[in-house]
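Residues per chain are reported as follows:
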Amino acid sequence: MPKLTVYQKKTCITCKKAMTYLDDLGVPYDAKDIVTEPPSRPLLEAAVDENNLKAAMNSRSAIYKEKNLGKATLSKAQLIDLMLADPNLIKRPLIVNDTKKPYLGFDADTLKAYLKN
């Protein structure tokens, strides 16, 4: 199994749950702070689904609320620009495996399926 990179934030409860889950499964990963070591534009382009932009956004972030992004109509490029300017907008954790599309968020069942395929 390829080693994973987990973009996370230390104060993020969902990130903690995901990393505990990976630890329990014995899956090796490198943890990166999503704010101090943000993902690159190409990585975000791979992670963000143009047909479901809202799924890639952290709806609890300040920028999401300030810019009323729940009702905004953005292009994929515009969203990625916002994410690069403020990585807190990226849904966490962002789990990267070099062999497949990045995984956003945490759900035990879907993450387990992601790891198997």
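S.K.: What is the right way to read the pairing of strand β1 (residues 4-8) from this model?
M.R.: Burial analysis of β1 places 5 of its 5 residues in the buried class, which makes it a mostly covered element. Across 5 bridges, β1 lies against strand β2 (residues 29-33) in parallel orientation. Bridge pairing in β2 places Thr5 opposite Asp30. The handedness of the β1 to β2 crossover, carried by helix α1 (residues 13-25), is right-handed. In this structure, β1 lies alongside strand β3 (residues 94-96), joined through 3 bridges in antiparallel fashion. By the bridge assignment, Thr5 is partnered in β3 with Val96.

S.K.: For this particular structure, what's the right way to read the nonpolar core?
M.R.: General note: in soluble globular proteins, nonpolar side chains tend to be found buried as a group. Formed by 21 residues in total, the largest nonpolar core has its most connected members in Val48, Met57, Leu79, Met83, Leu89 and Leu94. Going through the elements one at a time, α2 (41-47), α3 (62-66), α4 (76-85) and β3 are the ones with two or more residues in this core. It is α4 that contributes the most residues to this core, 4 residues altogether. Look past the residues within four positions of Leu79 in its chain and what remains in contact with it is Val48, Leu53, Met57, Leu74 and Leu89. If you look at the next biggest cluster of nonpolar residues, it comprises 12 residues, including Val27, Tyr29, Tyr103 and Leu111.

Basis of the calculations
- Residues numbered from 1 in each chain as written.
- Predicted model: local features only at pLDDT ≥ 70, side-chain atom pairs only at ≥ 80, totals over all residues.
- Heavy atoms only, no water.
- Buried < 20%, exposed > 50% of the residue type's maximum accessible area, 1.4 Å probe, protein only.
- Helix = DSSP H or I, 4+ residues; strand = E, 2+ residues; numbered from the N terminus.
- Pairing = 2+ DSSP bridges.
- Right-handed = clockwise from strand over helix to strand, strands pointing away.
- Core = buried A, V, L, I, M, F, W, Y, C linked by side-chain atoms within 4.5 Å.
- Contact = heavy atoms within 4.5 Å.

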